[in-house]
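Below, each chain spelled out in residue letters.
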Amino acid sequence: MNVDTLVMMANQIARNLAARGEEVAVAAVAEHIRDFWDPRMIKALHEAARDSLEPIARAALTRLGDSG
Amino acid sequence: MGYEPQADFGTPEVLSEITVTLTIDGRPISVPAGTSVMRAAAESGGSIPKLCASDNLAAFGSCRLCLVEVDGMRGTPASCTTPVAEGMVVHTQTPRLQRLRKGVMELYISDHPLDCLTCSANNDCELQDTAAQVGLRDVRYGYEGASHLGLGVDSSNPYFDFDPSKCIACSRCVRACDEVQGTLALTMDGRGFASTISAGQSADNFLSSECVSCGACVQACPTATLQEKAVKEIGKPERAVITTCAYCGVGCTFRAEMRGEQLVRMVPWKDGKANRGHSCVKGRFAWGYAHHKDRITSPMIRESIDQPWREVSWDEALSHTATRLNAIKAQHGARALGGITSSRCTNEETFLVQKLVRAGFGSNNVDTCARVCHSPTGYGLKQTFGTSAGTQDFDSVMDADVILLIGANPTDAHPVFASRMKRRLRQGAKLIVIDPRRIDLVRSPHVEAAHHLPLQPGTNVAVLTAMAHVIVTEKLADEAFIRERCDWDEYQDWAAFVADERHSPEALEAVTRVPAADLRAAARLYATGGNGAIYYGLGVTEHSQGSSTVMAIANLAMATGNIGRRGVGVNPLRGQNNVQGACDMGSFPHELSGYRHISDGATRALFEADWGVALDPDPGLRIPNMLDAAVDGSFRALYVQGEDILQSDPNTHHVAAGLKAMDLVIVHDLFLNETANYAHVFLPGSTFLEKDGTFTNAERRIQLVRKVMEPANGMSDWQVTQALANAMGLGWSYSHPREIMDEVARLTPSFAGVSFARLEEAGSLQWPVNAAHPDGSPIMHEDGFVRGKGHFVVTDYIPTDERTGPRYPLLLTTGRILSQYNVGAQTRRTENSIWHDEDVLEIHPTDAENRGLNTGDWVRLASRTGETTLRALVTDRVAPGVVYTTFHHPSTQANVVTTDYSDWATNCPEYKVTAVQVAPSNGPSDWQRDYDAQARQSRRIAGHAEAAE
Ligand code: SF4
Ligand code: SF4
Ligand code: SF4
Ligand code: FES
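All of the points below concern the structure found in this document. Quick caveat: nothing in here was measured; it's all calculated off a predicted structure.

**Side note on the pairing of strand S28 (residues 693-696) of chain B**
For a regular strand, the rule is simple: side chains alternate between the two faces of the sheet. Residues and elements named next belong to chain B. Taking every second residue as pointing to the same face, both faces of S28 are buried, with Gly693 and Phe695 on one and Thr694 and Thr696 on the other. Inspection of the sheet shows S28 paired to strand S29 (residues 701-705) by 4 bridges, in the antiparallel sense. Of the residues in S29, the one forming a bridge with phenylalanine 695 is glutamine 703. Connecting the antiparallel pair S28 and S29 is a turn made up of 4 residues, with arginine 700 showing a positive phi of about 65°.

Set out below in structure tokens:
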């Protein structure tokens, strides 16, 4: 998968949900990605350079990792 | 059904709770108060002669043929203009009336050419019928008087002729154009028998006039003056079959009027609840593509895309395809396979394609073209209201007091609904238009928007948040409604968010470029002007904030209590005929039919039990992800039914690279479309005239599509998918689409009460159709939101990453035109191209002058993604800094310049905002030349001298 695209997508989701407050936003981003992304996309995002993810997206990804 | 003209009750139906009883020709009859005597007589089975009346037009009272006698009333009143009264005693047939009517009729006939035997309307002519009805046998006046006999025929319209020599000056056409269509293209000049009808100014003909070729006047004309050319060529129809238009999401129903196996004409069906007897040029006339020479009717295969196509038998094509699919699955796993369903195909066909992907391929890699149009609608309305669909029926607009139109251009894209809307606006409803471009509705005959907010493309969320700011801070919100129907705490969070000063119209003006005072006035009007109804289109969804905008719209409706009754609501104007249906049928990679998430074990178990296979519990790939995964090597085979993703999806280079990387691309379509340039298998498709099934329109209305002729390719599309499934060993045995709908109903709670039998009986049904709503649901959320409490969602305005700059200083936005449909595969293959034979670039005079451009000049349109060339049209419809084009023609390839940016929640592409530069050019770009050569190469068919288009 094109990792740049996935990072861009994750950051975009995070930015659009950020107004809900960090805690809610992290959970919402994780839920959104779980609901709408094919597993290979999530896997590729896990393997991507986390530095390019914005904090909310990064936290959401960690949470996704935790819950499988 | 044999051929019977549609019944005409003479004057429109009146909806009144009060009933009046009268006696007509000795028989008592009860009708709603306000009904005309003419209609009452017709409803009781009688028929009063008439010429100037028709039941879709207000009574006019000019021909004087419909005279009746009423006890206690002097004279002989015209029955079309006389309302019924309690106890009235009417006589429709007396010697005196007969004498009077004969006299009138004689005058008409003296001015009419008596060439009935050779007239194309012979035996289907109201004038002829009425002459017989009144018993006219001879004409005393001779035929020399002032007449229209010498006037020439206007054949300029490609679909109908105007032969003024046959005109009886009843003005039905003029009134149809005014009242039904709302274009006001026709005028009646002169008086009495000297009067003539003309389209536009005296120098105009139908083609050069304002006429939009909707056909309403042709349908209204009682003579052969205005008549379809096809009737002249083929002859009078012999039978009629009711079916549904396959173009836009309005979902007009038509009588396909046939002679043998030949379609003579499509006439809008008066009982159709979506269109109420009206149509537009596409559905009415543009069906000739079904027999176009480019249509491919035999299956074809090839090993690689640089080879010519090889025509093969169905058996060979299907077994070859199945073998390839099975091999790729064995080697790369189920998730390497996927499919795309079509919003132009029926619900049943769409359901089968997603079933083939999920149950046959074994993945959830199924998507549909709604991805690129209304996927944000599905997401946004589900989040806020709980249902991925619009809330109203079309009739509801007739109860709206304020219409808020956002990012939609209904006169071009949803013309029949636009006519309804215009009718309501002429009655006095107020209109607010939020659109970067001055669409026709901003100002057209007898319609003027109260407010036009010409926002900077990409700032919808900011504008709507500013409107919410006004509503909340000026205390215009409907608190009682919110407390009762929505989550109050969420409302308060949202209200606090929008009330923040940074969301005021003044603070956002720099971003939106909408004058704050106008925005405030518009917000006040929507909140306080009575029933407020929101209609929106792709100008809302096709942005990186598409889903946020849909939710912002829903927030506004909830905050003002404009939801859950007639005249209000949130209404997406759906693009394609069956885009609602394709979404309903489970075409998205994360959802089964009825919008149930694939991860939901109980829902999956239901399908697994019915289908006898285990389903993948994880969401699959969306179209853009499929293309990425193809380049990456993890996605290898794609079955595309009835879509042309190469032309319709953004960033053509990206689509082409994805398709090229796949091992197997199967295109199932009518024509060798642009996507087929990259295909290895071509399965010929069938038209809507050649299949049974259902379409679901933008009102959630499920309507039957009926087969009127045999498929030219030998199979309806659902049969092709079934044959492919069976070649893969799935053992399907549907014998008719009704069995597929039964399966949908069995597996989908919102369709539980739907069956072909119920649809036959009811004419149409709006889902949900279930135990609670056995007759369907015209208005949603009447007693509460489907999700429980209405959910206010904070929608922050996050600007797109696509920015203008010195190299790309202009913003390109895209749209549609009336006569062409989407990628144009069908309409370009009809006479409709007479109105629009190329895409042009609209540019503001100031921007044009800065670049030395004039209308008609070739220009180079370049973005960060690519470039193309087309001709310029200099117009102030677009604001300075904004340019606009359509994408109906493959030679323009407007999507070469659109970007990969997309909606944050759904990946719906951002077609509406691309930073571009425009410069003079000498002609086609290198890409256009290369593309053309590649396309020509790719369309070769072995043994055929010439490639199809
Ligand atoms: S075809 Fe439609 S728009 Fe044209 S003149 Fe007739 S009614 Fe008017
Ligand atoms: S063209 Fe037809 S509808 Fe129009 S005035 Fe003449 S006869 Fe009547
Ligand atoms: S294209 Fe749309 S408006 Fe036109 S006839 Fe078909 S359904 Fe109706
Ligand atoms: S039909 Fe009533 S006056 Fe013409």
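Text resumes after the structure shown.
**Focus on the environment of glutamine 492 of chain B**
Residues and elements named next belong to chain B. Within the element layout of this structure, glutamine 492 appears in helix H15 (residues 488-499). On the basis of relative accessible area, glutamine 492 is assigned to the partly exposed category, the value being 40%. Note: C-alpha distance between glutamine 492 and glutamine 354 (138 residues apart in sequence) is 41 Å.

**Re the interface of chain B and chain A**
Taken together, the contact between chain B and chain A spans 31 residues of the former and 21 residues of the latter. Here chain B packs against chain A, burying approximately 2300 Å² in sum over the two surfaces, 54% of which is carbon and sulfur. Counting the contacts that link chain B with chain A gives 1 salt bridge. For the interface between chain B and chain A, the tally reads 5 residue pairs in polar contact (both at pLDDT 80 or more). Residue contributions to the side of chain B that touches chain A peak at 4 residues, all from helix H22 (residues 623-632) of chain B.

**Quick word on the site of ligand 2**
Around ligand 2, the surrounding shell holds 13 residues, and the nearest of these are Cys167, Cys170, Ser171, Cys173 and Cys221 of chain B. Split into classes, the residues belonging to the shell around ligand 2 amount to 9 nonpolar, 3 polar and 1 charged.

**Quick word on the sheet that holds S29 of chain B**
Strand pairing in a sheet takes place through backbone hydrogen bonds and is either antiparallel or parallel in direction. All names here are of chain B. Read from one edge of the open sheet, 3 strands run S28-S29-S30, paired in antiparallel fashion. Of all the strands in the sheet, just S28 and strand S30 (764-766) have a single pairing partner and so form its edges. Adjacent strand axes in the sheet meet at a mean angle of 30° when their direction is disregarded. Pairing analysis gives 3 bridges linking S29 to S30, with the strands arranged antiparallel. Bridge pairing links arginine 701 to glutamine 766 in S30. Sheet strands in contact with helix H9 (residues 347-361) are S28 and S29, and its direction is about 95° off that of S28.

Criteria and thresholds
- Residues numbered from 1 in each chain as written.
- Chains lettered and ligands numbered in written order.
- Predicted model: local features only at pLDDT ≥ 70, side-chain atom pairs only at ≥ 80, totals over all residues.
- Heavy atoms only, no water.
- Buried < 20%, exposed > 50% of the residue type's maximum accessible area, 1.4 Å probe, protein only.
- Helix = DSSP H or I, 4+ residues; strand = E, 2+ residues; numbered from the N terminus.
- Pairing = 2+ DSSP bridges.
- Contact = heavy atoms within 4.5 Å.
- Buried area = accessible area lost by both parts, 1.4 Å probe.
- Salt bridge = Lys/Arg side-chain N within 4 Å of Asp/Glu carboxyl O.
- Polar contact = N/O pair within 3.5 Å; in protein donor to acceptor, adjacent residues only side chain to side chain.
- Near = heavy atom within 4 Å.
- Nonpolar A, V, L, I, M, F, W, Y, C, P; charged D, E, K, R; others polar.
- Axes fitted to C-alpha atoms, helices over the stretch in contact; angles between N-to-C directions.

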